[in-house]
There are 2 protein chains.
Amino acid sequence: MITLESFVSGRWQEGAGEPSILVDPSTEEPLARTSTEGLDFGAAMRWARERGGPALRAMTLAERAALLGAMSKTLRDHRDELLDLAMRNGGNTTGDAKFDVDGATGTLGGYAHLGQSLGERRVLPDGEPEALSRGGGWVGRHLLVPKPGVAVLVNAFNFPAWGFGEKAACALLAGMPVIVKPATSTALVTWRMIRILDEAGILPEGAVQLVAGPSGDLLDHLDAQDVLSFTGSADTGLKLRSAPRVLERNVTVNVEADSLNSAVLAPGTAAGSETYGLFLKDVIREMTQKAGQKCTAVRRIFVPEAELERVAADLVERLEAVVVGNPADPEVQMGPLTTAGQLRDARAGIEALAAAGRVLTGGPEPLTGRAAPEGKGYFVRPTLVRADDPRAAAVVHEREVFGPVATIMPYGGSAEEAAELVALGGGSLVASVYGDDAAWLAEVLEELAGWNGRIYIGSTGVAGAALGSGMVLPMLLHGGPGRAGNGAELAGLAGLRLYQRRAAVQGDPALLERLFGVGAED
Amino acid sequence: MITLESFVSGRWQEGAGEPSILVDPSTEEPLARTSTEGLDFGAAMRWARERGGPALRAMTLAERAALLGAMSKTLRDHRDELLDLAMRNGGNTTGDAKFDVDGATGTLGGYAHLGQSLGERRVLPDGEPEALSRGGGWVGRHLLVPKPGVAVLVNAFNFPAWGFGEKAACALLAGMPVIVKPATSTALVTWRMIRILDEAGILPEGAVQLVAGPSGDLLDHLDAQDVLSFTGSADTGLKLRSAPRVLERNVTVNVEADSLNSAVLAPGTAAGSETYGLFLKDVIREMTQKAGQKCTAVRRIFVPEAELERVAADLVERLEAVVVGNPADPEVQMGPLTTAGQLRDARAGIEALAAAGRVLTGGPEPLTGRAAPEGKGYFVRPTLVRADDPRAAAVVHEREVFGPVATIMPYGGSAEEAAELVALGGGSLVASVYGDDAAWLAEVLEELAGWNGRIYIGSTGVAGAALGSGMVLPMLLHGGPGRAGNGAELAGLAGLRLYQRRAAVQGDPALLERLFGVGAED
């Protein structure tokens, strides 16, 4: 069994006490153990402040971009090993594992590319100079510099690779040292990534640290210029935001939490059309990829009333064809949930949804997965619930069942009603809309934009090119209002803003021009 | 005596119970009374949600800009009346009153101008389209729409006009209805402004409401898409951020709080130079304007050790020449503090600073102002404290004494040390730096940018044009890290971001082009 050490204060350190055990969720066999008890997290924070921060701030943006490029390449060189660990510890299919691991290296690589264009400068001008006096003898301009603190990255169990990659890419390029704390149950992949990066000798001292297990008193050492970037449940998000130290020091907290994402079929989408085909393909993938354990998975499906029967039947047919089991078997299309606790929650969630409608396929009953030992593994059936009165089914809009589970509901067909029903989710990461009527789409788009971080429009024009609503891309925003946490990650350069201070500078135009050139190539 | 009513749910309503009394701080004579007891703030929030929000969201950006323009013009038409109220209720000199009232109309006018350029559209594209697939058949773009909630604007007593103007300009242009709650002690000016705007009949129903006194249970009605925009003390800021409802609903909170702003004199600034003259003029104004009751006032002055005696003497000479009294007398250059409580706090603060150094001029002793009744009025002496060991004088960097009070301290002359001492303030709204050595300025600028929202560079080139470090301009950021609240206001279009949702849209490029044209003149 592998023992995971944490990488803090420049050393790989094992915690004391009773370890947590990481298992293969298809077989429940133990894979690794970890403890963080007794580790000095105050020292780790100081290590980041005193070593990592100064080292990164002394680097130009192009140098930090080169660091991300080297991280991406080094991890790609170990791709097979990481995919294997993701499959074993995460219950991922090969496709699921690639989604996570390639997502990490792709995001690091994407930001390396973006950062390269920012040049050999440490201070980034933001916007153009503004005249502040008549005649222009006094001007102002904004600039961006790294926050002089530490970025603590607390990630969810479902993306141990990508979660680290996307947060670290933005923080490191901005110039902040990071301490990453993956969810304990799937920490194996993150642990291996940091080990690989450390062994490659490419990380500036103190720039990247790892807490491979419970975070202990880590958050008690946060200060005003630190950033706490969290992905996980709304409950934990609330706890972190409410922590006395976080409030007292006014620590910046970014939360990506529960999200009851919607897929909406526009009226008049013909059964044989490319757009309808895209809808079916997307919804099935966004329900079953990673066994539905994606914050961007489809949880609510809105279909014009007259088409509900047909659409439901089409989805049921496809869901029932999904082979569930141990991803070690190449025939398997969907793996287990990641932990026993997740399985418990998902089953209870399915029961709650079923009480507000009826189960068309799947359900909460236990399931032995293909190629899994009898009675072992955290498998759950792809489940579609039907609720005929969306306004009466509060639970459908409020409870994120984190598995291959969605609810299909009718609506009258108007853009206004579709948007109103989507908004019952209280704010989501993504809504997908399928149709080809530009006027209808324009109307729904304006309404959805207030309640969803991203809107994916599936139409004839993109049927061959689009990668689905669940895919989070480095150049577009990841984050949604309300229940989704009110966070903002990625979106290209905007993704650095969480880790930067913006400042206005006022002065003589000639002087400002010289000052803004500081650290630049010329 | 004037009775202030609140403007909620479309009606001017008087509260019940014991009123608060607003006074003239030069004479302590009562001017007005107000109560908000028994007003239905839940209904006011619904009024904003159900009337104001839809009305503003239906308007194009250019139409909202025209609203701001009309508000600015209407208030300018009543300038003399507003200046008179500001002088009487705020203890303002004519110059102080203009700073506040013209600041309000100027900011509303500035955003009217900016908004006009955004055109007849409701959805604002943000950035350019990004190719998401090879060949460009699938693209993404960001857009900005109003948050579908209510902006609650809680303002400080020192800027009853500007505080409303700058927050409302951004919220209304973004498309959010506002409920403004001025500090009770100086609510007279804000109350009159909203009355003038209501009487002019230019406000869309539900777009602007006023709570002319204590906020009661107003904040218990906040929800996830609402914004709480607060200016005031760090203590109150912490209370608002920690309110269970705010945490539970993850309400967006912007805080502008205490700030121990610094003025730094670079080494080698000759005594007779224009730059040194600007330094003296600025520091005196930034200490005494509005009797030092500005969040951007200079609190800490860092001077090269060898020049400390001379600089201190020059400042003392100028501070002792300031005529303090009732601004009704045109000879008076500085009025009283605004309330008895502020006077108490300022005196206690001066005593605390004095304990960490020595008082060069001024002090906590009572003072009868010129043209004020004997023993009446909340006057305080312009006070300069000297502390010879800045690192040992923690109170100087931590306690914001909200009056005409600053501490002068020596430093060795290096940019690094200057930045380090400024950072002891734990994050400030503004730092001003006076000098002409571009290399020195470049070094200090990079360090200061992480700890200050704005950096004002006083040099020969701007001596005739610059308006001082205390002036907050609509096109530049207002907000600082850490103790200053970690907020961000103004900065041109960026000032709308607090009140907007950003969303990414993905789809077919031709379709997106059509969708983004919605509502635009094209």
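One can find the structure itself at the top, above this paragraph.
Residues numbered from 1 in each chain as written. Chains lettered and ligands numbered in written order. Predicted model: local features only at pLDDT ≥ 70, side-chain atom pairs only at ≥ 80, totals over all residues. Heavy atoms only, no water.

**Q** I would appreciate a short explanation of the packing of aromatic side chains in the present structure.
**A** When we look at a pair of aromatic rings, we describe it by the centre distance and by the angle of the planes. Summed over all chains, the structure comprises 16 aromatic pairs over all chains. Their ring planes at 70 degrees and their centres at 5.8 Å tell us that A:F159 and A:W162 sit as a pair that is edge-to-face. Across the pair, A:W162 and A:F159 agree in class, each one buried. Following the ring pairs from residue to residue traces out a cluster consisting of A:W138, B:Y276, B:F279, B:Y434 and B:Y456. One residue, A:K290, lies across the ring of A:F159, its end atom 4.6 Å from the ring centre. (Phe/Tyr/Trp six-rings, centres within 6.5 Å; stacked < 30°, edge-to-face > 60°. Buried < 20%, exposed > 50% of the residue type's maximum accessible area, 1.4 Å probe, protein only. Lys NZ or Arg CZ within 6 Å of the ring centre and 35° of its normal.)

**Q** How should I be thinking about empty space enclosed by the protein in this particular structure?
**A** Space left empty within the atom packing is revealed by a probe, the size of a water molecule, rolled over the atoms. Residues and elements named next belong to chain B. Enumeration according to the criterion identifies six cavities of 30 Å³ or more in this entry. The calculated volume of the largest cavity comes to roughly 110 Å³. Lining the largest cavity are 18 residues, with G90, N92, N158, K290 and T338 sitting closest to its centre. Only α3 (79–90) and α4 (94–116) provide two or more residues apiece to the lining of the largest cavity. Tallying contributions element by element places α3 first for the lining of the largest cavity, with three residues. For the lining of the largest cavity, the residue count by class is six nonpolar, nine polar and three charged. When we break the lining of the largest cavity down by domain, the ones giving at least three residues each are domain 1 (2–257 + 487–516) and domain 2 (261–474). (1 Å grid on protein atoms, 1.4 Å probe; cavity = no way out; pocket = protein on both sides within 12 Å on 5 of 7 lines; lining within 4 Å. Points joined across faces, edges and corners; volume = space filled by probe spheres on them. Helix = DSSP H or I, 4+ residues; strand = E, 2+ residues; numbered from the N terminus. Nonpolar A, V, L, I, M, F, W, Y, C, P; charged D, E, K, R; others polar. Domains from an automatic or database assignment.)

**Q** Sorry if this is basic, but what is going on with the pairing of strand β5 (residues 30–34) of chain B here?
**A** Along any regular strand, the residues point their side chains to alternate faces of the sheet. All names here are of chain B. Taken together, the three bridges between strand β1 (residues 2–4) and β5 define a ladder with parallel strand orientation. Counterpart to T3 in the pairing with β5 is R33. In this structure, strand β4 (residues 20–23) lies alongside β5, joined through four bridges in antiparallel fashion. Paired with S20 across the two strands is T34, which belongs to β5. If you look at the hairpin formed by β4 and β5, you'll find six residues sitting between the two strands, and E28 has a positive phi there, around 65 degrees. (Pairing = 2+ DSSP bridges.)

**Q** It is not clear to me how the interface of chain B and chain A should be interpreted in this structure. Could you clarify?
**A** As a measure of interface size, the accessible area lost when the parts come together is often cited. Facing the 70 residues of chain B at the interface are 70 residues of chain A. When the two sides are added together, the surface that chain B and chain A hide from each other amounts to roughly 6000 Å², 62% of it contributed by carbon and sulfur. Where chain B packs against chain A, one counts two salt bridges. When the shortest N-O distance is used, the salt bridge between A:E446 and B:R122 registers 2.6 Å. Looking at the side of chain B that touches chain A, the elements that each hand over two or more residues are β6 (124–131), β7 (139–146), α7 (234–242), α8 (244–248), α14 (438–448), β19 (452–458), β22 (500–507) and α15 (509–516) of chain B. Here the element with the most residues in the side of chain B that touches chain A is β22(B); it accounts for seven residues. For the side of chain B that touches chain A, the per-class residue count stands at 37 nonpolar, 21 polar and twelve charged. Note: strand β19 (residues 452–458) of chain A against β22(B), three bridges, orientation parallel. Bridged to A:I455 within β22(B) is B:V505. (Contact = heavy atoms within 4.5 Å. Buried area = accessible area lost by both parts, 1.4 Å probe. Salt bridge = Lys/Arg side-chain N within 4 Å of Asp/Glu carboxyl O.)

**Q** Before we go on, may I ask you to explain the sheet that holds strand β6 (residues 124–131) of chain A in this structure?
**A** Sheet strands pair by backbone hydrogen bonding; their relative direction is either parallel or antiparallel. Spatially, the ten strands line up as an open sheet ordered β6(A)-β7(A)-β22(A)-β19(B)-β18(B)-β13(B)-β14(B)-β17(B)-β16(B)-β15(B), and their pairing is mixed. Looking at strand neighbours, the two that pair on one side only are β6 of chain A together with β15 (358–361) of chain B, the edges of this open sheet. Between one strand axis and the next, the sheet turns through 25 degrees on average, direction left out of account. For β15(B) and strand β16 (residues 383–386) of chain B, the ladder comprises three bridges, and the chain directions are antiparallel. Counterpart to B:R358 in the pairing with β16(B) is B:R386. (Axes fitted to C-alpha atoms, helices over the stretch in contact; angles between N-to-C directions.)

**Q** I keep staring at the pattern of salt bridges and nothing clicks. Help me out?
**A** Oppositely charged side chains can form a pair if their charged atoms are brought close together. Under the criterion given, the structure shown has 47 salt bridges over all chains. Across the pair A:E199 and A:R192 runs a salt bridge whose closest N-O atoms are separated by 4.0 Å. Given a relative accessible area of 53%, A:E199 falls into the exposed group. Of the charged contacts in the structure, one is a salt bridge between B:E420 and B:R391, with a shortest N-O distance of 3.2 Å. Here B:E420 is found in helix α13 (residues 415–423), whereas its partner B:R391 is found in the loop between β16 and α12 (394–398), with 29 residues between them in sequence.

**Q** Teacher, can you tell me more about unusual backbone geometry here?
**A** Among all residues except glycine, the phi angle is most often negative; among peptide bonds, the trans geometry is most common. Positive phi, normally seen in glycine, also occurs at A:A371, with a value near 60 degrees. Along the chain, the position of A:A371 falls in the loop between β15 (358–361) and β16 (383–386).

**Q** How should the pairing of strand β11 (residues 227–231) of chain A be read in this particular structure?
**A** All names here are of chain A. With five of five residues buried, β11 is to be regarded as a mostly interior element. Of the two faces of β11, the one holding V227, S229 and T231 and the one holding L228 and F230 are both buried throughout. Pairing between strand β8 (residues 151–154) and β11: four bridges, direction parallel. Looking across to β11, one finds that V154 is bridged to F230. Summarising the sheet, β11 and strand β12 (residues 252–256) pair through five bridges and their orientation is parallel. When the bridges of β12 are listed, V227 appears paired with T252.

**Q** Looking at this model, I keep getting lost on the relation of the copies chain B and chain A. Mind explaining?
**A** Note: a rotation about an axis with an accompanying shift along it relates these two copies of the chain. Superposing chain B onto chain A takes a rotation of 180 degrees combined with a translation of 0.0 Å along the rotation axis, leaving an RMSD of 0.0 Å. Taken together, these values place the two copies in the relation of a two-fold axis. Of every C-alpha in chain B, the one belonging to B:S242 sits nearest the axis of rotation, 3.5 Å from it. (Least-squares fit on C-alpha atoms with pLDDT ≥ 70 in both.)

**Q** Teacher, can you tell me more about the packing of α3(B) against helix α6 (residues 187–199) of chain B here?
**A** When two helices pack together, their arrangement is given by the angle between the helix axes and by the axis-to-axis distance. All names here are of chain B. Contact geometry of α3 with α6 gives a least axis separation of 8 Å together with a crossing angle of 160 degrees. Between α3 and α6, the interaxial angle falls into the category roughly antiparallel. The handedness of the crossing between α3 and α6 comes out as right-handed. In this structure, α3 contributes E81, L82, L85, A86 and N89 to the contact, and α6 contributes A187, L188, V189, R192, M193 and I196. (Parallel < 35°, antiparallel > 145°, perpendicular 65-115°, else oblique. Left-handed = near helix turned anticlockwise from the far one by under 90°.)

**Q** What am I meant to see in the side chain of A:S428 here?
**A** Residue and element names in this part refer to chain A. Looking at the secondary structure, you find S428 in strand β18 (residues 428–434). Polar side-chain contacts of S428 include one of 3.4 Å to the backbone oxygen of L260. If sequence neighbours within four positions are ignored, S428 has contacts with S259, L260, N261, R300, W451, N452, G453, G480, P481 and A484. (Polar contact = N/O pair within 3.5 Å; in protein donor to acceptor, adjacent residues only side chain to side chain.)

**Q** What exactly am I supposed to notice about the environment of B:A393 here?
**A** Residue and element names in this part refer to chain B. With respect to the helices and strands, the residue A393 is situated in the loop between β16 and α12. Taking the C-alpha atoms as reference, A393 lies 50 Å from P125; in sequence the two are 268 residues apart. Once you skip the residues sitting within four places of it in the chain, A393 turns out to touch A356 and A387.

**Q** For this particular structure, what's the right way to read the sheet that holds strand β4 (residues 20–23) of chain A?
**A** All names here are of chain A. Reading across from one edge, β1-β5-β4 is the order of the three strands in this open sheet, with mixed pairing throughout. Sheet topology places β1 (2–4) and β4 at the edges, where each strand pairs with a single neighbour. Across this sheet, the average inter-strand angle for adjacent strands is 30 degrees, counted without regard to direction. Here helix α6 (residues 187–199) sits on the sheet in contact with β1, β4 and β5 (30–34), set at roughly 75 degrees to β1.

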